[in-house]
Amino acid sequence: MNALTRAVLSFWDSSIGKKILVAGTGIALLLFLPGHLIGNLLLFAGKDAINEYALWLHNAGHGGLVWVARIGLLTVLVVHVLLTVQLTVRNRAVAQKYSYPATNRASRSSRMMIWSGLTILAFIIYHISHFTVRIGNDYNGTAYLTSLPGHEGDVHNVHKMIIDGFSHTGNTVFYMVAITILCSHLSHGFASVFQTLGLRSRKSDLLIARAGWAYALLIWVGFLSIPVAVLFFGYGRT
Amino acid sequence: MSLNLQSAVPSGPIDQKWTKHKMESRLINPTNKRKYSVIVVGSGLAGGAAAATLSELGYGVKCFCYQDSPRRAHSIAAQGGINAAKNYQNDGDSVSRLFYDTIKGGDFRSREANVHRLAEVSVGIIDQCVSQGVPFAREYGGLLDNRSFGGTQVKRTFYARGQTGQQLLLGCYQALSKEISNGGVQMFSRTEMLDLVVVDGHAKGIIVRNMVTGEVSAHAADAVVLATGGYGNVFYLSTNAKGCNVMAAFRAHKRGAAFANPCYTQIHPTCIPVSGDYQSKLTLMSESLRNDGRIWVPTRSELAEKIRSGEISAGDISEEDRDYYLERKYPSFGNLSPRDIASRSAKEVCDEGRGIAPTGLGVFLDFRDAIDRDGRDSISARYGNLFEMYEKIKGENPYSTPMQIFPAVHYTMGGLWVDYNLMSNLPGLHVAGEANFSDHGANRLGASALMQGLADGYFVLPSTIANYLAEQEPGSVTESHPEFSRCLEETNTRIGNLVSANGKRSVDSFHRELGLLIWDKCGMARSSEGLEYALKRIPEIREEFWENVRVPGSGAQLNQELEKAGRVADFLEFGEVLCHDALSREESCGGHFRLEHQFGEDDPEVIDGRTQAGEAKRNDEDFCHVSAWEHTGVGTKPKLTREPLVFENVKLSIRSYK
Amino acid sequence: MNFTLKVWRQNDGDSKGHIEEYPAENIPIEASFLEMLDIVNEKIIGDGGSPIHFDHDCREGICGMCSLTINGVPHGRENGTTTCQLHMRHFDDGDTIWIEPFRAGAFPVIRDLVVDRSAFDRIIAAGGYVSVRTGAAPDANAIPITKEDADHAFDSATCIGCGACVAACKNSSAMLFVSAKASHLNHLPQGAPEKDRRALNMVQAMDEAGFGNCSNHYECEAVCPKSISADNVAKLNRDYAAAAVRKALA
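Residues numbered from 1 in each chain as written. Chains lettered and ligands numbered in written order. Predicted model: local features only at pLDDT ≥ 70, side-chain atom pairs only at ≥ 80, totals over all residues. Heavy atoms only, no water.

1. Describing the interface of chain C and chain B
Phase 1: Facing 79 residues of chain C, the contacting portion of chain B comprises 74 residues.
Phase 2: The contact between chain C and chain B buries some 6200 Å² in all, and 51% of this surface belongs to carbon and sulfur atoms.
Phase 3: By the criterion of area lost to chain B, the three top residues of chain C are Glu60, Thr134 and Phe154 of chain C, representing 11% of everything that side buries.
Phase 4: Where chain C touches chain B, the interface holds five salt bridges.
Phase 5: Between Glu60 of chain C and Lys281 of chain B there is a salt bridge, with its nearest N and O atoms 2.6 Å apart.
Phase 6: The leading source of residues in the side of chain C that touches chain B is helix H3 (residues 147-157) of chain C, at eight residues. (Contact = heavy atoms within 4.5 Å. Buried area = accessible area lost by both parts, 1.4 Å probe. Salt bridge = Lys/Arg side-chain N within 4 Å of Asp/Glu carboxyl O. Helix = DSSP H or I, 4+ residues; strand = E, 2+ residues; numbered from the N terminus.)

Have a look at this one:
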């Protein structure tokens, strides 16, 4: 083993090294979410806008970019989950419980990171099966093909898929709960990134915490606007 | 046969003695140093510094402490600062002035050559500590700041807010940790020394108890260093940590080491007053507070009575009804008078019925004028942590209500007798820091304890110990020597006796009883009548202790009652040595004040204005000596040998702070 | 004042502990928390029982020996206070008080409320020092240090190594302690040459000693009797990352 490999391995093995990787992958996920959100919000710009966007995503870089992004995101996610699970298992093994437990300052969000994280993981699996792999529905069927102005041949009707998806009450409630949990996760995760990367201090603490809440709120409102509009206000449903 | 107390002070002019001595000292070459082993008991400033430095030099060191980590030794509690003759302030300081202040502060009862060496070495201590990363207070220009302390008129005290001892000890602990990691020091925490092993007249090892497992074991070495602190807890209530004890020093004393000047005990003037008999310890408020705080009591006892009953508060007393008694009696030193003088003055005004604490034993330390002058912020920057500490304990805010303070036992100048090499009369047994008697005479000046501990540990002992070791065959005595098994057996028997006593009273109740007696009869003011009474009572308490003490549990595990019992048992013997020394010293000097020996109105010194009535009256003709006591058996009077003190460089004078 | 104590009793490291109830009667309002325990112990001894063992030494808040978790909070609810500086006037007459040891896997119980914190010493021995030999130091004023830097280093250096941070942490992480110790020295020019080595080695020793990792709850900062800032943790994370990169590339 050469010196470089050794250094990388000991970084990977150390608690701070793992934390820094969790923070780094967290940043990637934090950046992904607004992008995803903006794409989703195109729903409100009409059927063609979102379908065109979906088509562009699938065709960019001769259809390769979407796979680069998918593999990249998946790797980031796997590392993020693997390391946090490792860290949590370690913490559970070394910590001890009090007969009279008390908490002084830790926020509720911060204390349930692993549970919110695992719930989000379950949601992501479900979400990908639902809308990307499209298992257990007929989103891949001909009913979900449509025309797009300026484009030859049919394209996938993402618009209809989303509207139909959110017309189902069970799906939508799960989605809304998951997004809420995600935002609790983000509110602590956002600020934690700064601390773990050594960019927080007492002076910037409040600013960072507020930015974290603002970010989480934005994501929450943004992602929830679609199911709320569809299920409760009948947006896009005929 | 009397003891052989050769001070081994080198000849020549005082400012060249240490250099000359180092030049003439024996050296051991680096490869041979590895063959020698040294035991260091105690991990405070003196012990920790000695262990680290001896290991750096190449000796194999075993270091022992009763705390769970060497970083917790009680040096950590020193607040105010450390003196050094750096003269960074350009206010006329020098090695000679620090030497003179310390000799005079000690009421001319210390050994000139030792004190001069201390002053010389002080300079290097600050350099050493800064290079270890000790964060001393600094000025905006980036250079070190200083403040002044009691008994001096220059600013030579280096400090780290009110936590100087902590920062110095952490520096020392880090140096020790470095050596532990290098393998040069083997550290034994939660391990208490219970006996000294003497082989053919030489100290060659110790018996210790692992306080967690209860295992008693022997450790042999080529030399033993005791750096086990003072015996202030003989008074039960003191500013010492609860665990501080005299056991190691007293065990050495019982094995032949002479105990010198035990009656020199320092009562610190600024402590939080006692509030009840449940009280377990007293808390010091740093002497540095006297830089800005003004000490006063009401001029009339009726006013004091009203304050005590809560009828009026300090703020209701008008300026003319306040007696700033230190400023009045000692105008040139004022509130910064030396500790013994400030303490005794507090006692006097309280004896007159002018004390302001509910118990009658307390005076005000008032920051009103300093806050008006410098602003609350700058007072807070200087003393913030001390004010907080006071508020936590008393529940009163010292920014608005003056602090209540009263003297309390703080430091002990006496200790095991050592020569210039810091070696006791038992060859091989070296004693450093508060545990020895050497540098402070009858009274220690503020910020000098840290200086002495580190001087002994970093600079003196690592150099002088070679004089002894060079004459020894390394590893010549091992634990297999029969004397070790004999001592082990004695120790086990003693532990067995304590555990099986099965009486009715707790160890603490005996300790409290002894402490109260000693505070009463051998505290701030002593008389032959009181001391004789104490000498009658102590053996009675001791007898009852062995018959009626209850030590629950066994010796085979962590047993805090057993630990305390062992320590109190030694205090019950040591108390007698203390009182014998106080009784035999027919004079008043420094921390030892005999009611029979004070200046009266008719004394010529009072008439010509050199001093005033009620001040301590020294007797240089008969008592300019060190009293070294030799153990002769439990309950029998120890044997006194005197080491005359010769002053070649300073003139003995009345210690006036007027 | 009268209280009901629920105290953790455990004979030694191998045995199983349990909570036992004791009355604390006629406690003077001026008494400190430990003096209250002294009074209770005095009674237990008088009744022929085995006194409650707890660590304590200086009783003035600086040695870091005292280590009780009081009602679930290491050193109790008063901010910036060690157990020994906590006074009974902060409790109400008749209160029930839960007293447990500083709990953490890396702090095994020795007896009752006494735990073994020697893991901290091992972390310091791994690099929490400046490698300077006695006698080799330049003049103390040879290297000026700005007052701000000196004050900053001091703020980190006031850590008393009590372990409350670990005891309060849901993960038993020692990051506040380790980071305070590292950043005290890393802030000063004297500590600069060993900065990378120190960060890497101390963190490794911390991991090996069996502490958890930091998940930024700041419980440690909330209970620290010396109000050590979690900024130190951020600094150590940064120093560690930089050291790891330099080590990998150098």
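There is more to say after this.
2. With respect to the interface of chain A and chain C
Phase 1: Contacts between chain A and chain C engage 36 residues on the former and 51 residues on the latter.
Phase 2: Roughly 3700 Å² is buried in total at the junction of chain A and chain C, and carbon and sulfur atoms are behind 49% of that figure.
Phase 3: For chain A, the biggest contributors to the area lost against chain C are Ile16, Tyr98 and Tyr100 of chain A; these three give 18% of the whole.
Phase 4: Seen at the junction of chain A and chain C, the total is three salt bridges.
Phase 5: One salt bridge connects Asp231 of chain C with Arg200 of chain A, and the closest N-O pair in it is separated by 3.5 Å.

3. Regarding the environment of Thr19 of chain B
All names here are of chain B.
Phase 1: Residue position: Thr19 is located in helix H1 (residues 17-24).
Phase 2: Overall, Thr19 belongs to the partly exposed group, its relative accessible area being 48%.
Phase 3: Spatially, the C-alpha atom of Thr19 lies 9.2 Å from that of Arg117, the residues being 98 residues apart in sequence. (Buried < 20%, exposed > 50% of the residue type's maximum accessible area, 1.4 Å probe, protein only.)

4. A closer look at the sheet that holds strand S16 (residues 415-416) of chain B
All names here are of chain B.
Phase 1: Pairing is antiparallel in the open sheet, where four strands are placed in the order S16-S10-S18-S19. Two strands bound the open sheet, and with one partner strand each, they are S16 and strand S19 (639-644).
Phase 2: Two elements, strand S18 (residues 625-630) and S19, share six bridges in a ladder whose sense is antiparallel. Each bridged residue has a counterpart across the sheet, and for His625 the counterpart in S19 is Pro644. (Pairing = 2+ DSSP bridges.)

5. Comments concerning the domain arrangement of chain C
Often the size quoted for an interface is simply the accessible area lost on bringing the parts together.
All names here are of chain C.
Phase 1: Parsing chain C into structural domains produces domain 1 (3-111) and domain 2 (117-249).
Phase 2: With 21 residues of domain 1 at the contact, the number on the domain 2 side is 21 residues.
Phase 3: Buried area between domain 1 and domain 2, both sides added, is near 1400 Å², and the carbon and sulfur share of it is 63%.
Phase 4: When residues of domain 1 are sorted by the area they lose upon contact with domain 2, Pro74, Ala106 and Phe107 head the list and together hold 37% of the total.
Phase 5: The shortest N-O distance in the salt bridge between Arg117 and Asp55 comes to 3.6 Å.
Phase 6: In this structure, the connection of domain 1 to domain 2 is made through three residue pairs in polar contact (both at pLDDT 80 or more). (Domains from an automatic or database assignment. Polar contact = N/O pair within 3.5 Å; in protein donor to acceptor, adjacent residues only side chain to side chain.)

6. Considerations on the pattern of salt bridges
Residues and elements named next belong to chain B.
Phase 1: All told, the structure shown has 79 salt bridges over all chains when counted by the stated rule.
Phase 2: The partner of Arg373 in a salt bridge is Asp292, with the nearest N and O atoms 2.8 Å apart. With a gap of 81 residues between them, Arg373 in helix H11 (residues 368-374) and Asp292 in the loop between strand S11 (265-271) and strand S12 (294-298) connect regions that are remote in the sequence.
Phase 3: You can call Asp292 buried: its relative accessible area is 9%.

7. Thoughts on the packing of aromatic side chains
Phase 1: Summed over all chains, the structure comprises 38 aromatic pairs over all chains.
Phase 2: An angle of 40° between the planes, with centres 5.6 Å apart, marks the rings of Tyr100 of chain A and Trp98 of chain C as tilted. Here Tyr100 of chain A is found in the loop between helix H4 (65-94) and helix H5 (108-111), whereas its partner Trp98 of chain C is found in strand S5 (residues 96-101) on a different chain.
Phase 3: Between Tyr126 of chain A and Phe174 of chain A, the aromatic rings sit 5.2 Å apart at their centres with planes inclined by 65°, giving edge-to-face as the arrangement. Taken together, the residues span a long stretch of sequence, with Tyr126 of chain A in helix H6 (residues 113-133) and Phe174 of chain A in helix H8 (residues 169-196) at a distance of 48 residues.
Phase 4: Taking relative accessible area as the criterion, Phe174 of chain A reaches 32% and is therefore assigned partly exposed.
Phase 5: An aromatic cluster of three or more residues is present, and its members are Phe123, Tyr126, Phe131, Tyr139, Tyr144, Phe166, Phe174 and Tyr175 of chain A.
Phase 6: The ring of Tyr411 of chain B is capped by Arg444 of chain B, whose NZ or CZ atom sits 4.0 Å from the centre of that ring.
Phase 7: A cation over an aromatic ring shows up here: Lys147 of chain C above the ring of Tyr140 of chain B, its NZ or CZ 5.6 Å from the ring centre. (Phe/Tyr/Trp six-rings, centres within 6.5 Å; stacked < 30°, edge-to-face > 60°. Lys NZ or Arg CZ within 6 Å of the ring centre and 35° of its normal.)

8. Remarks on the pairing of strand S15 (residues 403-412) of chain B
Residues and elements named next belong to chain B.
Phase 1: Across the 10 residues of S15, 10 count as buried, placing the element largely inside the fold.
Phase 2: With five bridges connecting them, S11 and S15 associate as antiparallel partners. Bridge pairing links His268 to Ala408 in S15.
Phase 3: One ladder, built from three bridges, connects strand S14 (residues 363-366) with S15; its direction is antiparallel. Residue pairing in the sheet places Val363 in a bridge with Ile405 of S15.

9. Details of the confidence of the model for chain C
Close inspection of predicted coordinates is inappropriate in any region flagged by low pLDDT.
Phase 1: In this model, chain C carries a mean pLDDT of 96, and residues with pLDDT of at least 70 account for 100%.
Phase 2: ipTM for the predicted complex: 0.98, alongside a pTM of 0.96. (pLDDT = per-residue confidence, 0-100.)

10. Remarks on the domain arrangement of chain B
Residues and elements named next belong to chain B.
Phase 1: In terms of domain boundaries, chain B breaks down into domain 1 (14-267 + 411-469), domain 2 (270-408) and domain 3 (501-644).
Phase 2: Contacts between the two partners involve 25 residues from domain 1 and, on the opposite side, 28 residues from domain 2.
Phase 3: Together domain 1 and domain 2 conceal approximately 2100 Å² of surface at their shared face, both sides included; 52% is due to carbon and sulfur atoms.
Phase 4: Of all residues in domain 1, the largest losses of buried area upon contact with domain 2 belong to Gln79, Leu237 and Ile267, amounting jointly to 27% of the total for that side.
Phase 5: At the junction of domain 1 with domain 2, the criterion picks out 11 residue pairs in polar contact (both at pLDDT 80 or more).
Phase 6: In the side of domain 1 that touches domain 2, the residues fall into six nonpolar, 15 polar and four charged. (Nonpolar A, V, L, I, M, F, W, Y, C, P; charged D, E, K, R; others polar.)

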